Structure formats: structure tokens, C-alpha cells
Amino acid sequence: MVPVLPFWPRSINAMSDSVDFRHLEYLVAIHEGKNFTKGAERVFRSQPAVSQQIRALEDDIGFPIFVRGGRDGVSPTPAGQLILNWARKVLAERREIVITALAIHNGDVPPFKLGFSPFVNPLLLQAFRAAYGALFPECGIQLSSGHTTHSPQRLNHGSLDCAVLPMPIDRDLWNVLQVAQSPLVLCMHRDDHLACQTQVDIRQAAPRIRIFRDPELHPSAHVRLIELFAEVGISLELANSAATPSDMQWMIKETGGLALIDQLAPLDFGVVTRPLAGLSWTADTAFVTSKEASHIALPFVEKYLRENDLSVERKQSHALIGQMIMNAARYRRKKHFGNLPTILKLSIGR
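Residue positions within a chain follow its written sequence, with the count starting from 1. For this predicted model, a pLDDT threshold of at least 70 governs which residues receive local features, and a threshold of 80 or more governs which side-chain atom pairs are given and counted, while totals over whole chains, interfaces and linings are taken from all residues. Note that the side-chain values use all heavy atoms of the structure and ignore hydrogens as well as water.

Visitor: It is not clear to me how the packing of aromatic side chains should be interpreted in this structure. Could you clarify?
Guide: Two measures describe an aromatic ring pair: the distance that separates the ring centres and the angle between the ring planes. Only Phe, Tyr and Trp rings are paired, with Trp represented by its six-membered ring, and only when their centres lie within 6.5 Å; those with planes under 30 degrees apart are stacked, over 60 edge-to-face, the remainder tilted. Summed over all chains, the structure comprises 7 aromatic pairs. Ring geometry for Phe-136 and Phe-300: centres 5.7 Å apart, planes at 75 degrees, overall edge-to-face. With a gap of 164 residues between them, Phe-136 in the loop between α6 (122-135) and β4 (141-145) and Phe-300 in helix α11 (residues 298-307) connect regions that are remote in the sequence. Summary of the burial criterion: residues with accessible area below 20% of their type's maximum are buried, those above 50% are exposed, and those between are partly exposed, where the area comes from a 1.4 Å probe applied to protein chains only. The buried category is assigned to Phe-136, whose relative accessible area is 1%. A relative accessible area of 2% places Phe-300 in the buried class. Of the aromatic side chains, those joined through ring pairs into one cluster are Phe-112, Phe-128, Tyr-132, Phe-136, Phe-287 and Phe-300. The way it works is that DSSP assigns letters per residue, a run of H or I at least four long becomes a helix, a run of E at least two long becomes a strand, and they are numbered from the N terminus.

Quick look at the structure:
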């Protein structure tokens, strides 16, 4: 367990106050050049000036970054190696941010082509669009609905940059980032006798669960559903298959059968849902890209999604979408573009 310090060490405050991009460039150049002279040449500065800057930085933070001298020149201390790793990451991110900001400024960001399955909750797509719009203002996004078997093929051909799809998705073939999870519930006609129950036993309902997503449109999801039923000793009997959530709900109203759906799925008039007693089955959603995906926005979008779950609550959906916009704007301002004038000055205005 990491100890909780009652105060920040002086070196931490000094590090945040003292370091700017030129120090990071100096540190990396010295390490790559193996000595201060060659490092200074790499950044087009004099050796005394670079040495003075690094010495002042080490004095401020309270520990040495480099061990001087020796036949092999300078080498990083253990703490210095950590600083160097961080410096390389920060400098790489700066380059990426400047390139992306310039592309936005010049109008060179191509439309972001997003595919999605009909079985993906529309609220997730709304939240995603809001987040993308805040991260990349005035940059277009193109939406394309398609079944889970078709979207990966389009990703592979490059006609889609990414897709939001129900899981499971083969992680060996695609980059898969889970972005949401919500319970599976039982969907029924509003006049069904089971609607009076607050929860439904899956064994009681199983003989009437005959409406499923078309297995051919997402075979791995159907296999997983069979496994879940098998774990509780129930065999599935496929009677009706639906290509969309609307088809599924229409079949429920027409046949009186039951189906499992995402708890947060929009409901047609005439149907209701009830939780499954004692089970924690979920509908999981993923952000999927091909291994060769190259859209300029993808690194930023993927980083944002790793730090912000898109899961939603039905009663709070509109508030969440608004919060997603605020979060994305805050993320863009603080983590990517907050220091953009300084970044550009450091990059091109020396």
C-alpha cells in the first residue's frame, strides 16, 4: 500500500514549478548523446547553458537526474530514469497534440466514420457523439448502422474507422475496449402475468423465452447466451429471431413470448421489463477498431474512453449526456489543449 503523506515533498512542488518542455528536451538529448556536450549539440544550445539548466533543475527537485563522469559518460540515476521515461512520453504527446491541433485549424481532420449495431443503446451513441464533438469541435462524424458481423468487415476494409458493438468481440482480430455494461432483463407484454412480479425467476420464465437476436448476426453472442443458460441448467429453444430491438419487441407483443434485452434499451409502447432474480447477466458494449486503424482522432478518443465509462442510467440519461459534454470539454482543455498557446510557442516560436 502506498503511504499517505501529510504533505507534498518539496521536490514534487519544485518539479511541477520548475520543469518545462525545454528541460525535458535537454534531458532526453543528454541521455541519447551520453554526455552534456553532445546533448547540447542535439538541441542547438551551448554546453555550459544546458549544464547550468540541468544543475539548477536538480537543485530545485532535490535529487540528481544524472550520474556524471565515468568512461561511458553520464547515466541516469534510478529516479532520473523515471523522469526520462516521463519526459519521452510528454514530448511525444506534445508532438501529437500540435499535429492534431494544426489539422483541426486547417480543416484537415477527415470525417470520423462510426459504425454501430442496432442492439447498441442509443443513449451510448448520444454520449459518444457528445464526447467526440467536445474533443474535436466542428469536426464531422458519420454514423452507419450495421449488424455485428458486417461492421468488423467494414473496419477491415477501411470504410469504418471504428464501431460501437455488443460484446463478445474477438480480441485477437480487433482492438476491443469495453465502454459500457448494463443488466439483461426480461421483456414481456405489459399485460403478462409476470409483469406483476418485481423480479422473475429465470427457470419460471425459461419455457416462454423464445425470442432472440438472430444468431447469424452475432454468433459469438448467441453462443455466450447458450452458455449462460446452461450454467443454470436450462436449454435454449430458438423459435423466433429478430434483426433489431424493434423487431424483438413487436414479436413479444404479437406472440406473447418473452425475450432478454438490455435494461436500458428504449421500450415500445405495450412492453415492460423485469429484473432476473439472483442473476447478474449483463449486456456489454465495446468500442472496436481494426489493428491498422489510423484516423487522427483515434488515440484521443481511445484515451478518453479508457478514462470515462459510457454506461448510463435510464432516469439520468439526459443529465449524463450533458455531463459527458462537460467531461470531454474539461478533458480536452486540461489534458490536450489547455496549454496549446504555450505548446505552440515552445514548438515553433523559439
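There is more to say, and it comes next.
Visitor: Explanation requested: helix α4 (residues 47-61) in the structure shown.
Guide: For an α-helix the count is 3.6 residues per turn, leaving residues at separations of three or four pointing the same way. A helix is expected to reach a length of 1.5 Å times the quantity of its residues less one. When the terminal C-alpha atoms of α4 are compared, their 21 Å separation across 15 residues agrees well with the 21 Å that a helix rising 1.5 Å per residue should span. When we look at burial in α4, the residues that qualify are Val-50, Ser-51, Ile-54, Leu-57, Glu-58 and Ile-61. Buried residues of α4, seen end-on, are gathered within an arc of 130 degrees and therefore sit on one face of the element. Among the exposed residues of α4, those pointing more than 90 degrees away from its buried face are Pro-48, Gln-52 and Asp-59. Residue Gly-62 follows α4 closely and has a positive phi angle near 90 degrees. Directions from the helix axis toward the C-beta atoms define the arc.

Visitor: What's the story with the nonpolar core in this structure? I'm lost.
Guide: Note that soluble globular proteins tend to have their nonpolar side chains buried in a common cluster. In plain words, nonpolar cores are sets of buried Ala, Val, Leu, Ile, Met, Phe, Trp, Tyr and Cys residues tied together by side-chain atoms within 4.5 Å. Phe-112, Phe-128, Tyr-132, Phe-287, Val-301 and Leu-305 are the most contacted members of the largest nonpolar core, which totals 29 residues. Put simply, the parts of the chain that give this core at least two residues each are α5 (78-106), β3 (112-116), α6, β5 (162-166), β6 (174-189) and α11. Counting residues per element, this core draws most heavily on α6, which supplies 7 residues. Core analysis: the next-biggest nonpolar cluster, separate from the first, contains 21 residues, Leu-225, Leu-228, Ile-234 and Ala-283 among them.

Visitor: Can you walk me through the side chain of Ser-117 in this structure?
Guide: Mapped onto the elements, Ser-117 comes out in the loop between β3 and α6. Look at Ser-117 and you get buried, because its relative accessible area is 2%. We call two residues in contact whenever any of their non-hydrogen atoms come within 4.5 Å of each other. Other than its neighbours up to four places away in sequence, Ser-117 contacts Gly-146, Thr-148, Val-164, Leu-165 and Pro-166.

Visitor: Got a minute to help me understand the pairing of β3 in this structure?
Guide: Two faces belong to every sheet, and in a regular strand the side chains alternate between them. Counting buried positions along β3 gives 4 out of 5 residues, so the element sits mostly inside the fold. In this structure, β3 lies alongside β5, joined through 3 bridges in parallel fashion. Considered in β5, the bridge of Leu-114 is made with Cys-162. Only strands joined by at least two bridges in the DSSP assignment are considered to pair.

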